[in-house]
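Each chain is listed here by its residues.
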Amino acid sequence: MAVDMTATAAPPTIKPAAQVQGLSFAYGARTAPSAGSPSGASESAKRTVQALDGLTLDVPSGAVFGLLGPNGSGKSTLLSLLVGLRQPSAGEVRVLGQPPSAAIRARIGLLFQETSLDPLMTLRETLWLHGRLYGLAGHTLRTTIAQLLESVGLADRADSLVSTLSGGMKRRLELARVLLPSPQLILLDEPTTGLDPDAEAALWARLHEANQTGATIILATNKVHEADKHCQQVAFIHRGRLAAQGTPAELKAGLKRDAVWVEWPDLPPTLADEIAAWEGVGKLTWAHPTLHVTVDAASAFVPRLFQAAEDGIRAIRIRESTLEDAYFDIVGASLSDQRGAV
């Protein structure tokens with residue numbers, strides 16, 4: 001008798017677009033000679049900057065995935081390891097199911113944080129050279145270049161020099177260059193820095209088109225609105241480690257409506273406990289000198305806070321709760337914290 005196996009067959013396994021396991025990387029640097037060193041000594045003490053510290057992370061295929069953290073948290077370093085520009089000091093990296101290699105790199109598009117265009121080339125020449133590097137040629141390449149320039153709104157500037165473009169136009173040209181070989185994985189490092197709202201919206205419209213045709217996108221950013229609006233999943237990165245991961249809604253689930261940031265250097269611990277027990281107050285996080293709390297209604301909370309604080313408060317900021325508030329609650333640090341870009 002024939003047996004129908006369709007009901008019990010396991011669903012096909014879809015490999016993550018990127019996986020890192022226990023990933024670590026440190027930059028080497030040199031400090032100035034110590035005070036006791038002979039004048040003009042040529043040797044300096046060595047130190048290292050730990051950019052990634054045992055990071056473990058899976059990026060689902062087909063997702064728009066955000067890496068959210070301040071400058072120096074390790075986001076850019078992770079992208080460079082995924083594309084194979086650097087080698088980890090420990091841990092494992094797999095991209096599109098394989099370790100990074102030249103063959104895998106041909107299936108990845110990378111948009112750098114800084115502009116990387118030749119000002120003396122035209123837009124058409126820029127894309128033609130990039131296409132030839134990926135093995136494209138002839139009518140196919142010419143047609144693809146024309147279509148991409150049209151899609152990013154630069155068709156009328158095809159024969160202009162890159163040096164004549166505005167900052168937003170250069171970013172759109174770089175995006176066209178990334179998309180030219182139809183990459184399966186797109187890595188974006190702070191892609192909208194310096195763009196006006198219209199240019200940012202245009203860039204993301206084109207990226208979503210690429211995502212809808214199958215490309216996985218990994219976005220490194222410290223812009224909460226960008227991660228919240230465009231990413232299906234977000235990973236909080238703090239000092240080279242994964243602090244939390246989930247959808248934007250999941251990460252914000254414990255927040256009240258309004259966020260209140262208070263600069264309060266001498267907050268008494270007993271008063272902090274008292275404030276945490278007030279009606280309408282969510283999680284209270286203290287990281288000197290900042291008190292952070294989300295509340296049902298700032299209009300009711302803030303006057304009561306000033307009454308309790310007397311003259312202890314130095315500054316206060318109020319706004320609707322965002323992913324930045326979730327980040328602070330989880331890691332006890334702000335997205336504006338700086339450790340130097342890594």
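The text that follows walks through the structure, step by step, so that each part is easy to find. (Residues numbered from 1 in each chain as written. Predicted model: local features only at pLDDT ≥ 70, side-chain atom pairs only at ≥ 80, totals over all residues. Heavy atoms only, no water.)

## Considerations on the sheet that holds strand β7 (residues 216-221)
To be explicit about the condition: Note on pairing: two strands pair once DSSP finds at least 2 bridges between them. A run of DSSP states H or I qualifies as a helix once it reaches four residues; a run of E qualifies as a strand once it reaches two. Both are numbered from the N-terminal end. Geometry is summarised by axes, namely lines fitted to C-alpha atoms with helices restricted to the contacting stretch, and by angles between N-to-C directions that run from 0 to 180 degrees.
Ordered in space as β5-β6-β7-β3-β8-β9, the six strands form an open sheet in which the pairing is mixed. Either end of the sheet is taken by a strand with one partner, and the two such strands are β5 (108-111) and β9 (241-246). The sheet shows a mean angle of 15° between the axes of neighbouring strands, taken without regard to direction.

## Details of unusual backbone geometry
Among all residues save glycine, negative phi is the norm, and among peptide bonds the norm is trans. Quick note on the threshold: The buried label goes to any residue with under 20% of its type's maximum accessible area, the exposed label to any with over 50%, and the partly exposed label to all in between, with areas taken from a 1.4 Å probe on protein chains only.
Look at the link from H288 to P289: it is a cis peptide, with omega at 5°. Residue placement: P289 occurs in the loop between β11 (281-287) and β12 (290-295). Positive phi outside glycine occurs at S182, with the angle close to 55°. Inspection of the secondary structure assignment puts S182 in the loop between α5 (167-179) and β6 (185-189). We classify S182 as exposed; its relative accessible area is 60%. We note that R239 has phi near 50°; this positive angle belongs to a residue other than glycine.

## Side note on the sheet that holds β11
We apply this condition: When checking whether two residues touch, look at their non-hydrogen atoms; a contact exists if any pair is within 4.5 Å.
Strand order in this open sheet of four strands is β11-β12-β10-β13, and the pairing throughout is antiparallel. In the strand order of this sheet, the two ends are held by β11 and β13 (315-320), each with one partner. In this sheet, adjacent strand axes meet at a mean angle of 15° when their direction is disregarded. Bridge count between strand β10 (residues 258-263) and β12: six bridges; the pairing is antiparallel. If you follow V260 over to β12, its bridge partner there is V293. On top of the sheet, helix α11 (residues 323-331) reaches β10, β11, β12 and β13; it is set at about 125° to β12, its chief contact.

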